[in-house]
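# A closer look at the structure
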Amino acid sequence: MAGRHILWDMGGTLLDTYPDVERTLAAVVSEHGSTVDPLTVAFLTRGGPGSSTAGAISELSARFAIPRRAFVGAYDALKRRWRDAPPPVMPGAGEVMGRVFRMGGLNLVVTHRDRASAEALVAARGLEVDDLICAPDGYPRKPDPAMYAAMLERHHLDPADCLAVGDRDVDVAASLAAGIASLRLIVPALPAPAVPHGTFIGDLTEVLPFLG
């Protein structure tokens, strides 16, 4: 496995967004008189098959009988706060992106996040990406491979010359379905990944040996 171009997931891969998101959702539960274990929220947002922030909001809303709009409102407020205080870049991301640039490769982002939020986060952290595809632009969400396939087509890339880096089962499933070798960043505290394919990494610097 070796690649010159990287198709990055954003939240939990390039940017450490999940701790802020999970604290925000747990705070809504607390404000309504209940408590929820942080690992439970983490499992709902990024640990289980098909996990997502939207799915976590729906599950927590049903479990604690809290209006969904309370969670959505808190999440929207968090995204506004990120304009001035964005989440940190994941350790090793800058080093890997720099190596890709120096090799003449492309750093491409494939994300479920809405475009305004994604572009604001990239700009706030000074991340230089070559292109960005967002599911709300009209693409089906992962594990559908459509966003990865569209990125390959847009830049006339051979899947064999690419790597996909993500942190969830859906990232692995979608990129593999598009013919792209997948590296999955794992979170030790969460359950083992359900997708038994791809290569697991514990730190983004572990991507470096795969660049070639």
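Now for a description of the structure that goes with this document. (Residues numbered from 1 in each chain as written. Predicted model: local features only at pLDDT ≥ 70, side-chain atom pairs only at ≥ 80, totals over all residues. Heavy atoms only, no water.)

### Comments concerning unusual backbone geometry
A cis amide bond, omega 15°, links Lys-142 with the succeeding residue Pro-143. Considering the arrangement of structural elements, one finds Pro-143 in the loop between strand 3 (131-134) and helix 7 (146-154). The backbone of Ala-65 shows a phi angle near 55°, a positive value even though the residue is not glycine. Structurally, the position occupied by Ala-65 is in the loop between helix 3 (53-64) and helix 4 (68-81). Residue His-156 is not a glycine yet carries a positive backbone phi of 55°. By the element assignment, His-156 lies in the loop between helix 7 and strand 4 (162-166). (Helix = DSSP H or I, 4+ residues; strand = E, 2+ residues; numbered from the N terminus.)

### A closer look at the pairing of strand 3
The two faces of strand 3 match: Asp-131 and Ile-133 on one face and Leu-132 and Cys-134 on the other face are all buried. The pairing of strand 2 (residues 107-111) with strand 3 spans 4 bridges and is parallel. Residue pairing across strands places Leu-108 opposite Asp-131, the latter belonging to strand 3. This β-α-β element, strand 2 to helix 6 (residues 115-124) to strand 3, shows right-handed connectivity. (Buried < 20%, exposed > 50% of the residue type's maximum accessible area, 1.4 Å probe, protein only. Pairing = 2+ DSSP bridges. Right-handed = clockwise from strand over helix to strand, strands pointing away.)

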